[in-house]
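So you can see what is in the structure, the chains are spelled out below.
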Amino acid sequence: MKTGIRGEQMIIVTEQQTAKYLGSGELAVFATPCMIALMENTAYKSVQPFLDPGQGTVGTLLNVKHLAATPVGMEVRCETKLIEIDRKRLVFEVKAFDACGLIGEGTHERFVIDNQKFMQKANGKLN
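Residues numbered from 1 in each chain as written. Predicted model: local features only at pLDDT ≥ 70, side-chain atom pairs only at ≥ 80, totals over all residues. Heavy atoms only, no water.

(A) Molecular detail of the overall build of the protein. Within the protein, the secondary structure is distributed over three helices and five strands. Scanning the protein from its N terminus toward the C terminus, one meets helices and strands in the order β-α-α-β-β-β-β-α. By its C-alpha atoms, the protein is 40 × 40 × 20 Å across when sized along the principal axes. For the protein, the proportion of contacts with a sequence separation of at least 24, taken over those separated by at least 6, is 64%. Accessible surface, the protein as shown: approximately 7700 Å² in total, 52% of it carbon and sulfur. Of the side-chain charges in the protein, 15 are positive and 14 negative, and the distance between the mean point of each set is 7 Å. (Helix = DSSP H or I, 4+ residues; strand = E, 2+ residues; numbered from the N terminus. Contact = heavy atoms within 4.5 Å. Areas by Shrake-Rupley, 256 points an atom, 1.4 Å probe, with all protein chains shown as cover. Lys, Arg positive; Asp, Glu negative; His and termini not counted. Charge placed at Lys NZ, Arg CZ, Asp CG, Glu CD.)

(B) Spatial organisation of the sheet that holds strand S2 (residues 55–66). With respect to topology, five strands assemble into an open sheet ordered S1-S3-S4-S5-S2, the strand pairing being antiparallel. Looking along the sheet, the strands with just one partner apiece sit at the ends: strand S1 (6–12) and S2. Neighbouring strand axes in the sheet, compared pairwise and without regard to direction, differ in orientation by 25° on average. In terms of strand pairing, S1 meets strand S3 (residues 75–86) through seven bridges, oriented antiparallel. What sits directly across from Ile11, in S3, is Val76. Most of the contacts of helix H2 (residues 32–47) go to S2, to which it runs at about 140°, and overall it touches S1, S2, S3, strand S4 (89–98) and strand S5 (101–114). The sheet strands contacting helix H3 (residues 115–123) are S2 and S5, and the helix crosses S5 at an angle near 90°. (Pairing = 2+ DSSP bridges. Axes fitted to C-alpha atoms, helices over the stretch in contact; angles between N-to-C directions.)

(C) Region of the structure containing the pairing of S4. Of all 10 residues making up S4, eight are buried, and the element is well covered by its neighbours. As judged from the nine bridges shared by S3 and S4, these two strands associate in the antiparallel manner. Residue pairing in the sheet places Asp86 in a bridge with Arg89 of S4. Taking the residues between adjacent antiparallel strands as the criterion, S3 and S4 are bridged by two residues, where Arg87 takes a positive phi near 55°. Pairing analysis gives 10 bridges linking S4 to S5, with the strands arranged antiparallel. Looking at S5, one finds that Arg89 is bridged to Phe111. The antiparallel pairing of S4 with S5 creates a hairpin that spans two residues between the two strands. (Buried < 20%, exposed > 50% of the residue type's maximum accessible area, 1.4 Å probe, protein only.)

Here's what the structure looks like:
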């Protein structure tokens, strides 16, 4: 895996992705939690083909600004770029756009993990 890997996804904003629907605000505009989820999803999918079988990534840090509102029915495009690799730590530049321009930007950190070991540790909390 090398820096420079890019990801891109597009969605159309639905009622279920609004701040009003999620309870993160009162208005029917694209919710910040949904923008963040789109950024995380785009980042993880961009590097998944470069991982060994049984490996995955988990999000550990987000530093994101939501800059502009997007109404229901408008397309949102997310772009990610892997900008740093430090052993198992991956850092991405993340951006989101609607038809009128940039709506969100920041950085996102993920760690490469062994899926089975990770789940064993998580499930160990139930005992």
